[in-house]
Amino acid sequence: MSNEIFIASREQARQIDYEAIHSIKIPSLVLMEHAAIELLHSIPDTSYQKIVIVCGPGNNGADGMALARLFALKEQPVSCIHPSMDRFSNEEKIQFEAIQKLDIPCFLNTDPAAFVELEQADMIVDALFGSGLSRPIEGIFATWIEAINSLDAFVLAIDIPSGLNADTGDILGVCVHADLTIAIDSIKWGELLREGKNVCGTLKSVDIGIPSFLHRDCAGLLNLEYVCSIFPKRDPFSYKNKNGKVLMIGGSDEMPGAISMAADACFHSGVGLLSVFVPKSIQMLLETKMSYVMSLGVPEENGRFSQDALSILKEQLDRYDAFSIGNGMHKYAVTEQMVKLLLASNKPVLVDADGLVYVKKEIDLSKRKAETILTPHLKEMADLLDIDVKEIERDRIKIVKRFCKENPSVVLVLKSSITLIGFQDRLFVLDHPTSALAKGGSGDTLAGMILGLYAWCHDAYLAALCGVYAHSLAASLSSVDPISFTPNDLVKNLSQAFLTLQTKKTP
């Protein structure tokens, strides 16, 4: 069984099912049985007094009937509500015959007694429509969804809440509001986007025995088990030069904290030797705060880097293994010139914050051979591509995929309540929003963590995946309330976060 949890579009999910059945020759009824078994095992409490499964006209309904049979075998009080049999799929007809043999009570969905049965349930299973739904729900099925939503029973949605668009997260007329959604084989994009976040309740997925290679075009979901499995092993015999020599460029007299937080996180993420390149006026401040970081205080003008600083930076290019730029710099001509200088070099570069707006200006990233890491939030990504932020919000998945395909040396970390991490044809998602990180300095800290990890693991995509997850994990480990949480608290928790990822022990 793979450690990886996959995320699929409606078409990808359909194609995976098709290949599993027709190419790998796994009978659909076998997959359905695996799904029912995993559903039963994934329900946290099965001690309900009355379970009612509301089935639709297709294989989602068949999944519901298979689950009903397993409940009955465990002597759980269960009944089914179903559409007319002329609308059954072939698999649903077989499952229906099986539940009839077990004398499981069944009610036609137009029978008034069915509504009475539903009202008595303390657990309702939504098996109406799966991820293939593409048009608004109307008529009798809309009536049933409204009835489900009107009751106080615990609601489990099989695969996806009925009425949710599997690709966009939009509501198709009316939608089941679930307490728990158990996605079959793969999570669907719509469960992570827009209204999907509001109607799925707790979201889980179950492996039903489909080979992982059939998910080759799917995104992955970052979770503890998977990140533990990929977290790089640190050589106990390594030394500081082997763990990377890094220069972080940033800061101004108005925003010294940004480069300070980024550098602090970088050092605590494993870099061997760390230097900061900052305006002279804030050099002493940083040296006082971080005695373990070396500093280059360079000429400035009005508290920001001057033109003379640019020529000094040119002299540093051959002295370091990797660079970052942008934290607390401000958007002005010297920032643009420094970004262009670094991206024109053959050195790995991480660009964050104020440096991002200049990435595409006269720079062809598609031809850059050295590894490049970009860490924008949605507005910065919109500025980078010169489009409206609403377009990013509407089509972020396609935009990230297209950008990474066009720029094969770039690792893109698009930060939001769900964070996308893309590289070439690969895409991962972190879906663990927390208000603890919805504060200034969180992004600077993340940039420093990714650079610190990259310095010693020498893999930009791996550093981004592990850095993004460790950033979230460090926030969740805190005993500090999210209201009071600071980036300093996050850095304090990094040791425990990295220990968790190396020992594979859930905190």
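What comes next concerns the included structure. In this text the structure is predicted, and so the values were computed from the model without any measurement.

## Remarks on the packing of aromatic side chains
Here is step 1: Per the counting criterion, the structure on display carries eleven aromatic pairs.
Here is step 2: Taking the centre distance of 5.3 Å and the plane angle of 70 degrees together, the rings of Phe88 and Phe96 count as edge-to-face.
Here is step 3: We classify Phe88 as buried; its relative accessible area is 8%.
Here is step 4: Pairwise contacts between aromatic rings join Phe231, Trp456 and Phe498 into one cluster.
Here is step 5: Taking NZ or CZ as reference, Arg234 lies 4.9 Å from the ring centre of Trp456, over its face.
Here is step 6: The ring of Tyr320 is capped by Lys245, whose NZ or CZ atom sits 5.2 Å from the centre of that ring.

## Digging into the nonpolar core
Here is step 1: One finds Leu222, Met248, Ile421, Ile450 and Leu501 to be the most contacted residues of the largest nonpolar core, which totals 62 residues.
Here is step 2: Setting aside chain neighbours within four positions, we find Leu501 in contact with Leu224, Val227, Cys228, Phe231, Tyr469, Ala470 and Leu473.
Here is step 3: Counting 54 residues, the second largest nonpolar core, distinct from the first, contains Phe305, Leu317, Val410 and Leu414.

## Re the sheet that holds strand 6 (residues 154–158)
Here is step 1: Taken in spatial order, the seven strands of this open sheet run 4-3-2-5-6-7-9, and their pairing is parallel. In this open sheet, the two edge strands, each paired with only one partner strand, are strand 4 (106–108) and strand 9 (202–206). Averaged over all adjacent pairs, the angle separating strand axes in this sheet is 20 degrees, with direction ignored.
Here is step 2: Where strand 3 (residues 78–82) and strand 4 come together, three bridges link them in parallel fashion. Bridge pairing links His82 to Leu108 in strand 4.
Here is step 3: Contacting strand 2 (51–55), strand 3, strand 4 and strand 5 (123–127), helix 5 (residues 112–119) runs over the sheet at an angle of about 130 degrees to strand 4.

## Overview of helix 9 (residues 256–267)
Here is step 1: Over its twelve residues, helix 9 runs 17 Å from end to end, which matches the ideal 16 Å to within 8%, given 1.5 Å per residue.
Here is step 2: Counting buried residues along helix 9, nine of its twelve residues qualify, which places the element largely inside the surrounding structure.
Here is step 3: Here the buried face of helix 9 lies against strand 11 (245–249), strand 12 (273–279), helix 10 (280–289), helix 15 (442–457), helix 17 (487–492) and helix 18 (494–503).

## Focus on the pairing of strand 21 (residues 426–430)
Here is step 1: Among the five residues in strand 21, four count as buried, and that is most of the element.
Here is step 2: Judged from the two bridges that link them, strand 10 (residues 219–221) and strand 21 form a sheet pairing that is parallel. Residue Gly220 lies in a different strand from strand 21, and its bridge partner there is Phe428.
Here is step 3: Two successive antiparallel strands, strand 20 (residues 419–423) and strand 21, enclose a turn made up of two residues, where Gln424 displays a positive phi of approximately 55 degrees.

Thresholds, definitions, all that
Residues numbered from 1 in each chain as written. Predicted model: local features only at pLDDT ≥ 70, side-chain atom pairs only at ≥ 80, totals over all residues. Heavy atoms only, no water. Phe/Tyr/Trp six-rings, centres within 6.5 Å; stacked < 30°, edge-to-face > 60°. Buried < 20%, exposed > 50% of the residue type's maximum accessible area, 1.4 Å probe, protein only. Lys NZ or Arg CZ within 6 Å of the ring centre and 35° of its normal. Core = buried A, V, L, I, M, F, W, Y, C linked by side-chain atoms within 4.5 Å. Contact = heavy atoms within 4.5 Å. Pairing = 2+ DSSP bridges. Helix = DSSP H or I, 4+ residues; strand = E, 2+ residues; numbered from the N terminus. Axes fitted to C-alpha atoms, helices over the stretch in contact; angles between N-to-C directions. Expected span 1.5 Å × (residues − 1).

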